[in-house]
Amino acid sequence: MPSVAPSRNESSYLLNQLIISPSDADYLDQLIPSIKEYSVGNRTSQLSQTLSRFASDKETEIETICNTNHQEFVTSVNQLLRIREGTVSLTAEILDLNQSIQASTEKLAEQKRALVESRSHRQNIDETSKAIQDCLEVLRLANQVHDLLAKKNHYAALRALEELQNVHLKGVTQYKIADMIQRSVPATQKAIAEAVMSDLNTWLYRIREMSQYLGEIALYHTDLRKTRHKERTEISPYLGQFKLNSAIELVSDESEEYDLLQNEELQVDFTPLFECLHIHRSLGHMDKFRVEYANTRRRQKELLLPASVTLVDEDGASLHNLLEEMAGFAIVERSTMKRVPDLRSSVDVDELWDSMCQTAVILISEALHEVDNAESLLKIKNLIALFMQTMNTWDFHVGVFDDFLLTLFRKYADLLKKRFSDDFREIVSTDDYMPMPIQTVEEFDKVLNVSWYSPDKPREEQVFPCVLPFSQMYPLCCIDIRNFLNQFYFFANDDFSHPSLIDETLRDALDELLSDKVCDTLVERLASQYLGQIVQILINLEHFELACRELELLLAAARSQNVSGDVVTLNATEKFRSNKKAAEKRIFEVVNSKIDDLIETAEYDWMASVPPAEPSNYMQTLTRFLSNIMNSTLLGLPTEIKELIYFDALSHAANMILALPLSPEVKRINPNGVVALAKDVEYLSQFVDSLGVPILRENLDELQQTVQLMQADNTDEFYDISTRNKKYGRVDAIHGPVLLEKYVVQHENPDT
């Protein structure tokens, strides 16, 4: 189909688009499509014509404009030329500036390259500096560890070493210094461990040095507790049944709480131990440290105990030092165990304690032979008992020392027995065996206070001076007996756990002293021929028997407080009682011997030519003797004993008098001889009647009936049993005929 020529409007539109194109590029962009479109329709010439016309129109328009504004145009052109000149100048300047800028740019590039290179060097320097800083920090920490170690800040040094090893060394592992420091860590740890052990050993040495003082304070405050407990007991006797360290005593003493390890006098700081323990635990050396610490304490224990002790030095310093050292050492051990249970177990502490106790008891036992004084032994016992009570407070078993107290007590009892045995022997041997004179009421009260004696009269009715029945030995022995009891019970206070042994030993010892040293000595002196002394011995035996009965009650009362209320029996009681019989027998012997001596002086003339005018001299002397011993020598004896002695003496005298005519040497007896005998018998009877004791008259019945038989008119009545029983019942069936034969024969044969 033939192309259709574009309309005039299309050409105008095209021209308008070309004219309003903002730039050459847009102009071409508008022209090229139009050229292509007109060329397709072979209308290029038409386009050219249109453009030509358009250009011609424009030129005409321009000319018109120029003609109209020529002067202005010229002016503009001139301005444009000037502008162009300025533009050229500016262009030159711009070119120069561009060259300058290009030169500056090259210089800047050079500088930039230098800057880049310097930045690379700077980075290397920074990295090197940081590495150096890190290494210096590691070295600083390593030096700080040694500085802290030098300042004995062991735990801080260990922490710094751990921080160095676990934190800072990990940042410098690429450097050799890290390897060097890492290799030195074990040596540093060992140095820290050795340094802290050195400090611990110093601490242990100081602890050992202060052990005695610590033990001294511990014993002192235990003694104060005992004093306070005693004072509370005096106020409230109910508290007396609770011993020291009992729950009641501890509660009662709560207001006086005292920290033995931290006080004004002494401060025991466990910081070195805790630090050493913590460091070894951190190092993982706890087992090794535990063994080393135990060995150190064991060596210190061995150094603490001396090779020997003495018990006779001034103030018992040797034993004091030993027990105080032991107490201080053990208290530190127990405190360590409580503060650090995983370091010191109760088994470890008790093992050391038992070992110390065994050794200490051996040392004291070996020195025990030095002590020969009961008071010194009592001081030793009290010190050991105080030590035991102190250690009980800290839960230490003191059974070894408790058993040792038994050994001390046995020696104590032996020393007391020896001392009081000597005292008793001296008292008995030096006594005057005379009734004790009392001058004043004060003396009387003293005797009553120390001896077991109940006077017949009340104290108010006593008249002074007076005489007591016993001799001076009795109250002196009573004083010794009381002292002996007190000395025994001094040992048996609340810190001795064997009261039954005290009771039994005391009873046996007292029995032995009274039996062997008093009773036997008195019995030995019964061999004396002095009747007054024998009588005094009998009186003393009587009072000692009473004293023994009182002692039995006293011992039973004391035993009832400790163990049981069983009856206590002293063998000495029976021994005094039985020996009273021996004394009575001895009195009989002496009295009868004196009677024999007096009767032997009788000088009867059985064949006298005249009867005597008065009783025989021997009979008068005999009655005076009997009267004197009754009113003086035997006066202090109990009435029943006096009557018994008199009864026996009269019986013996009657028999001896009767034996005179019965003697084989007497062949004949005449009536005058019988009268002499009858007169003496009558005199004796009257004397017996004057005594006012009817029973004594029975002793003379045989003698009187025999005399009556010899004076009878019908002597054959004697041979008649019925008559003899009525009149001569007390006459001996053999003696009667013998006397009658002598009398009768003399009747029948007066010259013979």
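Residues numbered from 1 in each chain as written. Predicted model: local features only at pLDDT ≥ 70, side-chain atom pairs only at ≥ 80, totals over all residues. Heavy atoms only, no water.

Visitor: I'm lost on the overall build of the chain in this one. Help?
Guide: Summing up its helical and strand segments, the chain has 24 helices and two strands in all. The buried share of the chain, reckoned over its 752 residues, is 41%. Pairs at least 24 apart in sequence give 76% of the contacts found in the chain among residues at least 6 apart. Carbon and sulfur atoms make up 52% of the accessible area of the chain, which totals about 41600 Å². (Helix = DSSP H or I, 4+ residues; strand = E, 2+ residues; numbered from the N terminus. Buried < 20%, exposed > 50% of the residue type's maximum accessible area, 1.4 Å probe, protein only. Contact = heavy atoms within 4.5 Å. Areas by Shrake-Rupley, 256 points an atom, 1.4 Å probe, with all protein chains shown as cover.)

Visitor: How do you make sense of unusual backbone geometry when you look at a structure like this?
Guide: Cis geometry is found at the peptide bond from Phe464 to Pro465, where omega equals 0 degrees. Structurally, the position occupied by Pro465 is in the loop between helix H14 (441–450) and strand S2 (466–468). Phi angles above zero are rare outside glycine, and Asp395 is one such case at about 65 degrees. Considering the arrangement of structural elements, one finds Asp395 in the loop between helix H12 (374–393) and helix H13 (399–429). The exposure class of Asp395 is exposed, given its relative accessible area of 57%. A positive phi is found at Tyr433, a non-glycine position, where the angle reads about 50 degrees. Residue placement: Tyr433 occurs in the loop between H13 and strand S1 (436–438).

Visitor: Help me understand the packing of aromatic side chains in this model?
Guide: Given two aromatic rings, one states the distance between the centres and the angle between the planes to describe the pair. This model, assessed by the stated rule, comprises 15 aromatic pairs. Aromatic pair Tyr604 and Tyr618: ring centres 5.8 Å apart, planes at 80 degrees, arrangement edge-to-face. Residue Tyr604 is located in the loop between helix H18 (571–600) and helix H19 (617–633), and its partner Tyr618 is located in helix H19; the two are separated by 14 residues in the primary sequence. The same class applies to Tyr604 and to Tyr618, which are both buried. Between the NZ or CZ atom of Arg334 and the centre of the ring of Phe396, over which it lies, the distance is 4.2 Å. Across from the ring centre of Trp452, 4.2 Å away, lies the NZ or CZ of Arg482, which sits over that ring. (Phe/Tyr/Trp six-rings, centres within 6.5 Å; stacked < 30°, edge-to-face > 60°. Lys NZ or Arg CZ within 6 Å of the ring centre and 35° of its normal.)

Visitor: Explain the layout of surface pockets to me, please; I cannot follow it from the model alone.
Guide: The gaps left among the atoms become clear once a water-sized probe is rolled over them. Reported here for the largest pocket is a volume of approximately 960 Å³. Per-domain counts for the lining of the largest pocket show at least three residues from each of domain 3 (413–585) and domain 4 (602–742). (1 Å grid on protein atoms, 1.4 Å probe; cavity = no way out; pocket = protein on both sides within 12 Å on 5 of 7 lines; lining within 4 Å. Points joined across faces, edges and corners; volume = space filled by probe spheres on them. Domains from an automatic or database assignment.)

Visitor: Which parts of the structure should I look at to understand the nonpolar core?
Guide: In a soluble, globular protein the nonpolar side chains are often hidden away together inside. One finds Met326, Trp353, Ile384, Phe401, Ile587 and Leu626 to be the most contacted residues of the largest nonpolar core, which totals 169 residues. The residues touching Phe401, leaving out its near neighbours within four places in the chain, are Leu323, Met326, Cys357, Ala360, Val361, Ile364, Ile384, Phe387 and Met388. By size, the runner-up hydrophobic cluster in this structure holds six residues, among which are Leu709, Phe718, Tyr728 and Val731. (Core = buried A, V, L, I, M, F, W, Y, C linked by side-chain atoms within 4.5 Å.)

Visitor: I would appreciate a short explanation of the packing of helix H10 (residues 317–339) against H12 in the present structure.
Guide: Packed helices, taken two at a time, are described by the angle between their axes plus the distance between the axes. Interaxial distance between H10 and H12 falls to 11 Å at its minimum, and their mutual angle equals 5 degrees. Relative to H12, H10 is oriented roughly parallel. Contacts between H10 and H12 pair Leu319, His320, Leu323, Met326, Ala327, Ala330 and Ile331 from the former with Ile380, Leu383, Ile384, Phe387 and Met391 from the latter. Split by residue class, the contact of H10 with H12 holds 11 nonpolar, one polar and no charged. (Axes fitted to C-alpha atoms, helices over the stretch in contact; angles between N-to-C directions. Parallel < 35°, antiparallel > 145°, perpendicular 65-115°, else oblique. Nonpolar A, V, L, I, M, F, W, Y, C, P; charged D, E, K, R; others polar.)

Visitor: Could you clarify how one ought to interpret the environment of Asp520 in this entry?
Guide: Within the secondary structure, Asp520 is located in helix H16 (residues 499–524). For Asp520, a relative accessible area of 26% corresponds to the partly exposed category. For the pair Asp520 and Phe576, spaced 56 residues apart in the sequence, the C-alpha separation amounts to 9.2 Å. Sequence-distant contacts of Asp520, that is, excluding residues within four places in its chain, are made with Ser515 and Lys575.

Visitor: Sorry, what's going on with the side chain of Glu584 here?
Guide: Assignment of secondary structure puts Glu584 in helix H18. Put simply, Glu584 is tucked away with no salt bridge, and the nearest opposite charge, on Lys581, sits 4.2 Å away. Setting aside anything within four residues of it in sequence, one finds Glu584 in contact with Leu538, Ile641 and Leu644. (Lys, Arg positive; Asp, Glu negative; His and termini not counted. Salt bridge = Lys/Arg side-chain N within 4 Å of Asp/Glu carboxyl O.)

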